[in-house]
Amino acid sequence: MSATFLGMPGNFPKNAAQAVQDSQLRYNLRKATHTIRDKRLKAVAELPDWEELRAAGKAIKDHTLRHLDRYLVQLEEAVTRAGGHVHWARDAAEANRIVSDLVKATGETEVVKVKSMATQEIGLNEALAAQGITAYETDLAELIVQLGDDFPSHFLVPAIHRNRSEIREIFNTKMAEWGRPAPANLTDEPAALAEAARLHLRERFLKSKVAISGGNFMVAETGTLVVLESEGNGRMCLTLPRTLISVVGIEKLLPTWRDLEVFLQLLPRSSTAERMNPYTSTWTGSVEGQDFHLVLLDNGRTQVLADEVGRQALRCIRCSACLNVCPVYERAGGHAYGSVYPGPIGAILTPLLRGMSSELDASLPYASSLCGACFEACPVAIDIPEVLVDLRAKAPHKPAERAGMRVAGWVLNDSVRLEKAQRLAIRFRKLVPKRLPGPLSAWTDTRDLPDIPEESFRDWWERNERA
Ligand code: SF4
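Residues numbered from 1 in each chain as written. Predicted model: local features only at pLDDT ≥ 70, side-chain atom pairs only at ≥ 80, totals over all residues. Heavy atoms only, no water.

Peer 1: What exactly am I supposed to notice about the site of the ligand here?
Peer 2: Around the ligand sit 14 residues, and of these C316, C319, S320, C322 and C378 come closest. For the shell around the ligand, the class distribution of residues is twelve nonpolar, one polar and one charged. (Near = heavy atom within 4 Å. Nonpolar A, V, L, I, M, F, W, Y, C, P; charged D, E, K, R; others polar.)

This is the structure we're talking about:
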């Protein structure tokens, strides 16, 4: 059973320090992120109106979020009219209970899944397992993660931390436990690995009576759900089983089909660097031979909506462009974030959704150099650095840190005090240690304090002005 992050022990600096020791992981990540990043730049450069599209995506999402209550009710009415069933889930426990009950009502004990961040966020696989239901992941990378009893580390490429030979090893040793075994003499050629996964999954698709998906978008005016994917596994899951259950975050809404036009251009180019993704599946309500249930998930989203700075994170379309350009993600990898949402968006979305009461969640807003590369890459212009800074101000600080900040604020707030402090520091500059002592040592564990200059800028200016 692939594990879901429901809060990892430790904090980001500790997790990252451990991850950067793994040179194989750093090599895998660097190779993969640079390849996707370069391809994305080319795909985006093909569109002369990219910035206008980006502005349109931002405006549509902001409008929808402002009127979310109205559009959600419109969506519910449209899905119900089309024969679907809508369920509202306040939190993870409620969503898991609804899905488990729906699966149990079918009499089945196995389900196939389309890759979905929302179901990982709520730990659905574990909740189903506790009820005796096995969930089979069908996205290739998710399959690798599940067979390897591993954690996903990227939105788009959850097994980005694995290379070909590691994948071959996982297939050889684990596939048989989950169904059709890997072919004999499996090589680590991509085509051979893909074929092994195809054969393994095909059996599963043909047997399964229940499927669980997420959704990239939901169109309020028609009650249509949209899933974009590259492998065709999603299309199999969405069309073959007799019962389809989709768990979707309430922020995935768009008012009209026309709005979808903007996002069908923004998402593929930003995520897989394609002009158009290979499979775009849309469905509205139940169809003959298939019962459809939509579980609308809040799980902290309305709380994020109430945050004036943080609410922009709900515009996210999970394209992963911000992960691929982030220097911190590239070195630390996805697991260090201890959340289903890694990288720059994870550093804001996780503490926004979960709060900052745990050591890990409070450390996430610091998992950034604030270089701004994520903001530039984001197709819906989420100002991630702005939210990071806001969250840092709200993060619970340790007493010594808080006292240090108070003293710094007191000094910096008054020019006379600042001048006196500068003169004092210059006089005793030789005595200033490179490392801070005691509880403040965390600041200097990984960096030296800068040398204090022999003369302050004020004194230099005064001397040169007089001359
Ligand atoms: S924050 Fe922006 S760039 Fe990052 S995953 Fe979300 S939409 Fe993509």
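Peer 1: I keep staring at the side chain of N125 and nothing clicks. Help me out?
Peer 2: Assignment of secondary structure puts N125 in helix α7 (residues 124–130). A polar atom in the side chain of N125 sits 2.9 Å from the side chain of K113. (Helix = DSSP H or I, 4+ residues; strand = E, 2+ residues; numbered from the N terminus. Polar contact = N/O pair within 3.5 Å; in protein donor to acceptor, adjacent residues only side chain to side chain.)

Peer 1: Help me out: how do you make sense of the packing of aromatic side chains in this one?
Peer 2: For any pair of aromatic rings, the description consists of the separation of the ring centres together with the inter-plane angle of the planes. Counted according to the given criterion, the structure contains eight aromatic pairs. On the numbers, 6.0 Å between centres and 35° between planes, the contact of F457 with W461 is tilted. Taken together, the positions of F457 and W461, both in helix α22 (residues 457–466) and four residues apart, correspond to about one turn of that helix. Overall, the relative accessible area of 60% leaves F457 in the exposed class. The lysine or arginine in question, R417, covers the ring of W410, its NZ or CZ lying 4.2 Å from the ring centre. (Phe/Tyr/Trp six-rings, centres within 6.5 Å; stacked < 30°, edge-to-face > 60°. Buried < 20%, exposed > 50% of the residue type's maximum accessible area, 1.4 Å probe, protein only. Lys NZ or Arg CZ within 6 Å of the ring centre and 35° of its normal.)

Peer 1: When you look at helix α16 (residues 343–354) in this model, what are you seeing that I'm missing?
Peer 2: An α-helix turns once every 3.6 residues. As a result, residues three or four positions apart point the same way. Taking 1.5 Å of rise per residue, twelve residues should cover 16 Å, and α16 covers 16 Å from first to last C-alpha, within 8% of that figure. Here α16 lies mainly inside the structure; eleven of its twelve residues are buried. Here α16 has its buried residues at G343, P344, I345, G346, A347, I348, L349, T350, P351, L352 and L353. Phi turns positive, to about 85°, at G355, one or two residues after α16. (Expected span 1.5 Å × (residues − 1).)

Peer 1: Quick question: what am I supposed to make of the sheet that holds strand β4 (residues 210–213) here?
Peer 2: Where strands meet in a sheet, backbone hydrogen bonds hold them as pairs that are either parallel or antiparallel. Taken in spatial order, the six strands make up an open sheet running β1-β10-β7-β4-β2-β3, and their pairing is parallel. Both outer strands of the open sheet, β1 (85–89) and β3 (134–137), are each paired with one neighbouring strand and no more. Across the sheet, the mean angle separating the axes of adjacent strands is 25° when strand polarity is ignored. With five bridges connecting them, β1 and strand β10 (residues 291–297) associate as parallel partners. Of the residues in β10, the one forming a bridge with A89 is L297. Strand contacts of helix α5 (residues 92–106): β1, β2 (110–113), β4, β7 (243–249) and β10, with the helix running at about 145° to β1, the strand carrying the most contacts. (Pairing = 2+ DSSP bridges. Axes fitted to C-alpha atoms, helices over the stretch in contact; angles between N-to-C directions. Contact = heavy atoms within 4.5 Å.)

Peer 1: Before we go on, may I ask you to explain the environment of T272 in this structure?
Peer 2: Within the secondary structure layout, T272 lies in the loop between α12 (257–271) and β9 (279–284). What makes T272 partly exposed here is its relative accessible area of 22%. Linking T272 and I36, residues 236 residues apart in sequence, is a C-alpha distance of 6.9 Å. Leave out the neighbours within four places in its chain, and T272 touches L156 and S230. Polar contacts involving the side chain of T272 include one to the side chain of E274, which spans 2.5 Å.

Peer 1: I would appreciate a short explanation of the layout of surface pockets in the present structure.
Peer 2: Unfilled space is identified by rolling a water-sized probe across the atoms. Considered as a void within the structure, the second largest pocket measures approximately 1400 Å³ in volume. Along the wall of the second largest pocket there are 34 residues; nearest its centre are P13, S363, Y366, A442 and R447. Within the residue set of the lining of the second largest pocket, elements represented by two or more residues are α1 (12–19), α15 (327–332), α17 (359–363) and α20 (399–412). Take the lining of the second largest pocket: its biggest share by element is five residues, from α1. Tallied by class, the residues present in the lining of the second largest pocket amount to 19 nonpolar, eight polar and seven charged. (1 Å grid on protein atoms, 1.4 Å probe; cavity = no way out; pocket = protein on both sides within 12 Å on 5 of 7 lines; lining within 4 Å. Points joined across faces, edges and corners; volume = space filled by probe spheres on them.)

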